[in-house]
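Chain residues, written in single-letter form:
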Amino acid sequence: MNYKTIRCDNCKNEFIFSLEEQDLYKKRGLPDPRVCPICRGMMGAKSRDKARLEYESKKR
Ligand SMILES: [Zn+2]
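All of these numbers come straight from a predicted model, not from anything done at the bench.

A. Region of interest: the overall build of the protein. When helices and strands are counted, the protein shows 2 helices and 2 strands. Reading the protein from its N terminus to its C terminus gives the helix and strand order β-β-α-α. Against the 2.2 N^0.38 benchmark of 10 Å for 60 residues, the protein shows a C-alpha radius of gyration of 15 Å, more extended than a compact globule. Summarising its shape, the C-alpha atoms of the protein cover approximately 55 × 25 × 15 Å along the three principal directions. Sorting the 60 residues of the protein into buried and exposed places 18% on the buried side. A separation threshold of at least 6 residues defines the contact pool for the protein, and within that pool the share at least 24 residues apart is 31%. With the model as given, the accessible surface of the protein reaches about 5,300 Å², and the carbon-plus-sulfur share is 53%.

Given below as structure tokens:
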């Protein structure tokens, strides 16, 4: 197995960027991730929350 370890920009922990994921990112034309999956998940949830809040405030 060939994989890269990347240091997360957010929590500074190292995480494994597996060959499978590298393939997936390459196929999608995406650059290597800068943050670990945990932080990515949190950021995703946060941006979803923000979008929801903006939607709710427009309704009022
Ligand atoms: Zn992280």
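B. Structural context of the pattern of salt bridges. Using the criterion set out here, one finds 4 salt bridges in the structure. Close ionic contact of Lys 4 with Asp 32 constitutes a salt bridge, the shortest N to O distance being 2.6 Å. Note that Lys 4 is positioned in strand S1 (residues 4-7) and Asp 32 in the loop between helix H1 (19-28) and helix H2 (37-59), a separation of 28 residues in sequence. Using a relative accessible area of 34% as the deciding quantity, one classes Lys 4 as partly exposed. In this structure Asp 32 comes out as partly exposed when scored by relative accessible area, which is 37%.

C. Highlighting the side chain of Ser 18. Mapping Ser 18 onto the fold places it in the loop between strand S2 (14-17) and H1. Once residues lying within four places of it in the same chain are set aside, the contact partners of Ser 18 are Asn 2 and Tyr 3.

D. Representation of the coordination of the zinc ion within the structure. In this structure, Cys 8 (SG), Cys 11 (SG), Cys 36 (SG) and Cys 39 (SG) serve as the protein donors to the zinc ion, at separations of 2.3 Å. Each of the 4 donor atoms bound to the zinc ion contributes to angles spanning 103 to 115 degrees, and the resulting shape is tetrahedral. Counting along the primary sequence, the residues that act as donors to the zinc ion give the motif C-x2-C-x24-C-x2-C. Taken together, the positions of Cys 11 in the loop between S1 and S2 and Cys 39 in helix H2 put the pair 28 residues apart, joining distant regions of the chain. Take Cys 11: its relative accessible area is 32%, and that puts it in the partly exposed class.

So, how was this worked out
Residues numbered from 1 in each chain as written. Predicted model: local features only at pLDDT ≥ 70, side-chain atom pairs only at ≥ 80, totals over all residues. Heavy atoms only, no water. Helix = DSSP H or I, 4+ residues; strand = E, 2+ residues; numbered from the N terminus. Rg over C-alpha atoms; globule rule 2.2 N^0.38 Å. Buried < 20%, exposed > 50% of the residue type's maximum accessible area, 1.4 Å probe, protein only. Contact = heavy atoms within 4.5 Å. Areas by Shrake-Rupley, 256 points an atom, 1.4 Å probe, with all protein chains shown as cover. Salt bridge = Lys/Arg side-chain N within 4 Å of Asp/Glu carboxyl O. Donors = N, O, S within 2.8 Å, 3.2 Å for Na, K, Ca; no water. Tetrahedral: all angles 85-135°; square planar, octahedral: opposite > 155°, others 65-115°.

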